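Descriptive analysis of the structure
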Amino acid sequence: MPELEEKPLNREPELEQLISSFITCTKNYDRNHSALPALDADTHRVRLDGAVKHPLELSIAALKNTFTQHSVVCALQCAGNRRHTMRTKIKEVQGIDWFDGAVMNCKWTGPRLRDILARAQFSLSEEQQKDAHVAFACNAVPCEDDTYYGVSIPLSRAMREDADVLLALEMNDRPLSVEHGFPVRVIVPGVAGARAVKWLDRITVQNSESENFYQRRDYKILPEAAVDCEAAKQYWDAMPSVQEMPVNSIIAVPGSGSTVVRDVDGMIAIKGYALPSGDGGPVVKVEVSVDKGKTWHETELLSHVDEGRWSWKLWQTRLVVPVGQGKIIYSRATDAAGKSQPAACKWNLRGICYNAYGEANSLTIE
Ligand SMILES: Nc1nc2c(c(=O)[nH]1)N[C@H]1C(S)=C(S)[C@@H](COP(=O)(O)O)O[C@H]1N2
Ligand SMILES: [Mo]
């Protein structure tokens, strides 16, 4: 494997700042398995090949000018978001120590993948299409665990008009930044961030999942028996890759470990974000509990003109909380599909898809 030139850029914003606007416009989290490639939008091409009748070589200008442009506002979340909570509440896991900020909520614009696939036309029978995948790759730079970054999603999702799978050229009405995939990245609303390939240069229609490490040997919820890398080996092929993310919520204010001074009425402000499950959005309810889950109080969901099925919900409330130390507050989101966060979540080696109650712990209330 070629050496990585530098340590990949991985960082998340501070939570109070993250929830300060519905569209997260500044300092969104960055997750990279490689260095950031500097690509030229004038010469860059996206190749579409595999089981299609007409392979295509698409320039950025062609993606912009020869296909209808669509916009979608959606949450984009790393499957490892909240890993820190799994590692501290249950037991040690492998992976970057993400807190609750490995998520962004942005507007993405570009052609729909299904329109591009329609131009190329499949050479698969209807039966074959059911199990087929669309693989995405970035070959620009070597990654930590493979020579290129590659993943795939089911062809059925790519073809669903209501699934809004895009090849995004713009983020929040501006060309993508280098960090977020300039000049083109995949956006798959409701699905783990790992599938949103940045610096996209190849799309392949194929009858099985991507062969890449990041599809086959990572981003899978392994059973609890997979306690270490050695034990994990027997499960990698048996377990499905993560696609749809689970419903979730976190408390951004007050932050765990902080001291909060109550208002004269004995109340404190509690705020956070909530995320729907895969296709189950929007979030319809967020409750909080200040008595360890015995009673729950419904919070106010903030509405926004651009919200929809795939976006996050910001929420807030004020509640009377008794003074004291070591206090804990929980949050619990429910989405339109009726999916709700569990009190506890099973451990998995890579610490992904943690979605037990959101919590602010070790609080001192004065
Ligand atoms: N080419 C490429 N695409 C990638 C990655 C990567 O390392 N290389 N990381 C993936 C992962 S794991 C996530 S969570 C998102 C993060 O997107 P962001 O860096 O724009 O926040 O990009 C995905 N797309
Ligand atoms: Mo990720």
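An unreviewed UniProt entry annotates the chain as Sulfite oxidase originating from Acrodontium crateriforme. Recorded in UniProt for the chain, the comment headed Cofactor (unreviewed entry) runs: "Mo-molybdopterin".

**Here we look at helix 8 (residues 229–236)**
Working note: α-helix, 3.6 residues per turn, so residues spaced by three or four point in the same direction. If you check which residues of helix 8 are buried, you get A231, A232, Y235 and W236. For helix 8, the arc enclosing every buried residue in end-on projection is 140°, short of the 170-degree limit, so these residues lie on one face. Residues of helix 8 that are exposed and angled more than 90 degrees away from the buried face: E230, K233 and Q234. The elements touched by buried residues of helix 8 are helix 7 (213–216).

**Here's the deal with the site of ligand 1**
Contacts to ligand 1 come from 19 residues, most closely from Y29, H33, H180, R185 and K198. Here a nitrogen atom of ligand 1 sits 2.9 Å away from a polar atom, N or O, in the main chain of A196. About the coverage of ligand 1: the protein hides 100% of its 530 Å² of free accessible area. Class assignment of the residues belonging to the shell around ligand 1 gives a composition of ten nonpolar, four polar and five charged.

**Concerning the pairing of strand 11 (residues 202–206)**
Regular strands show a simple pattern: their side chains alternate between the two faces of the sheet. Counting buried residues in strand 11 gives four out of five residues, a clear majority hidden from the surface. Where strand 1 (residues 45–50) lies against strand 11, four bridges are found, and the strand directions are parallel. Each bridged residue has a counterpart across the sheet, and for G50 the counterpart in strand 11 is V205. As paired elements, strand 5 (residues 133–138) and strand 11 share five bridges and run antiparallel to each other. Paired with V134 across the bridge in strand 11 is V205.

**Notes on the domain arrangement of the chain**
Segmenting the chain into domains produces domain 1 (15–232) and domain 2 (248–365). For domain 1 and domain 2, the distance between their C-alpha centroids amounts to 27 Å. Taken together, the two surfaces of domain 1 and domain 2 that pack against each other cover about 3700 Å², and 62% of this comes from carbon and sulfur. Its largest share of buried area at the contact with domain 2, domain 1 owes to I19, F22 and R82, together 21% of the area lost on that side. In this assembly, domain 1 and domain 2 are joined by five salt bridges. Linking D279 and R160 is a salt bridge whose minimum nitrogen-to-oxygen distance equals 3.2 Å. Linking domain 1 to domain 2 there are 21 residue pairs in polar contact (both at pLDDT 80 or more). The set of elements that each furnish at least two residues to the side of domain 1 that touches domain 2 consists of helix 1 (15–18), strand 3 (69–77), helix 3 (83–89), strand 4 (103–111) and helix 8.

**Side note on the sheet that holds strand 13 (residues 259–260)**
Strand-to-strand pairing in sheets goes through backbone hydrogen bonds, with the strands running parallel or antiparallel. The strand order 13-20-19-15-16 describes an open sheet built from five strands, whose pairing is mixed. The outermost strands of the open sheet, each flanked by one partner alone, are strand 13 and strand 16 (297–298). Of the strand pairs in this sheet, strand 15 (residues 283–289) and strand 19 (residues 324–335) are connected by six bridges, and their pairing is antiparallel. The partner of V286 across the bridge, within strand 19, is A333.

**Structural notes on the pattern of salt bridges**
Applying the stated rule across the entire model yields 26 salt bridges. Residue D173 pairs with K107 through a salt bridge whose shortest N-O separation is 2.9 Å. Separated by 66 residues along the polypeptide, D173 in the loop between strand 8 (170–171) and strand 9 (174–175) and K107 in strand 4 bring together distant segments of the chain. Of the residues examined, K107 reaches a relative accessible area of 24% and is grouped as partly exposed. In this structure, E230 and K233 form a salt bridge, with 2.9 Å as the shortest nitrogen-oxygen distance. One end of the pair, E230, and the other, K233, are both in helix 8, three residues apart, so they sit about a helical turn from each other. No difference in accessibility class separates E230 from K233, as the two residues are exposed. Beyond isolated ion pairs, a larger network of salt bridges with shared partners links R157, R160, D162, E244, D279 and R309.

**Digging into the sheet that holds strand 1**
Ordered by their spatial adjacency, five strands build an open sheet running 2-1-11-5-6, and the pairing between neighbours is mixed. Of all strands in the sheet, those with a lone pairing partner are strand 2 (56–59) and strand 6 (149–154), marking the two edges. If you compare each strand with its neighbour and ignore which way they point, the axes differ by 20° on average. Contacting strand 1, strand 2, strand 5 and strand 11, helix 4 (residues 113–120) crosses the sheet at an angle of about 140° to strand 2.

**Comments concerning helix 4**
Regarding helix 4, the residues found buried are L113, I116, L117 and A120. The buried residues of helix 4 occupy an angular sector of 100° when projected down its axis, which confines them to one face. Following helix 4 by one or two positions, Q121 has its phi on the positive side, about 55°.

**Let's talk about the nonpolar core**
Grouped together as the largest cluster of nonpolar side chains are 48 residues, with contacts concentrated most on L63 and F136. Secondary-structure elements contributing two or more residues to this core are strand 1, strand 2, helix 2 (60–65), helix 4, strand 5, strand 6, helix 6 (155–159) and strand 11. When residues in this core are grouped by element, the largest group, four residues, is from helix 4. Excluding anything up to four places from it in sequence, F136 contacts L113, Y149, G150, V151, I153, V186, R195, V197, L200, R202 and I203.

Conventions used here
Residues numbered from 1 in each chain as written. Chains lettered and ligands numbered in written order. Predicted model: local features only at pLDDT ≥ 70, side-chain atom pairs only at ≥ 80, totals over all residues. Heavy atoms only, no water. UniProt positions renumbered as here; feature names shortened; annotations may be inferred. Buried < 20%, exposed > 50% of the residue type's maximum accessible area, 1.4 Å probe, protein only. Helix = DSSP H or I, 4+ residues; strand = E, 2+ residues; numbered from the N terminus. Arc of directions from axis to C-beta. Contact = heavy atoms within 4.5 Å. Near = heavy atom within 4 Å. Polar contact = N/O pair within 3.5 Å; in protein donor to acceptor, adjacent residues only side chain to side chain. Areas by Shrake-Rupley, 256 points an atom, 1.4 Å probe, with all protein chains shown as cover. Nonpolar A, V, L, I, M, F, W, Y, C, P; charged D, E, K, R; others polar. Pairing = 2+ DSSP bridges. Domains from an automatic or database assignment. Buried area = accessible area lost by both parts, 1.4 Å probe. Salt bridge = Lys/Arg side-chain N within 4 Å of Asp/Glu carboxyl O. Axes fitted to C-alpha atoms, helices over the stretch in contact; angles between N-to-C directions. Core = buried A, V, L, I, M, F, W, Y, C linked by side-chain atoms within 4.5 Å.

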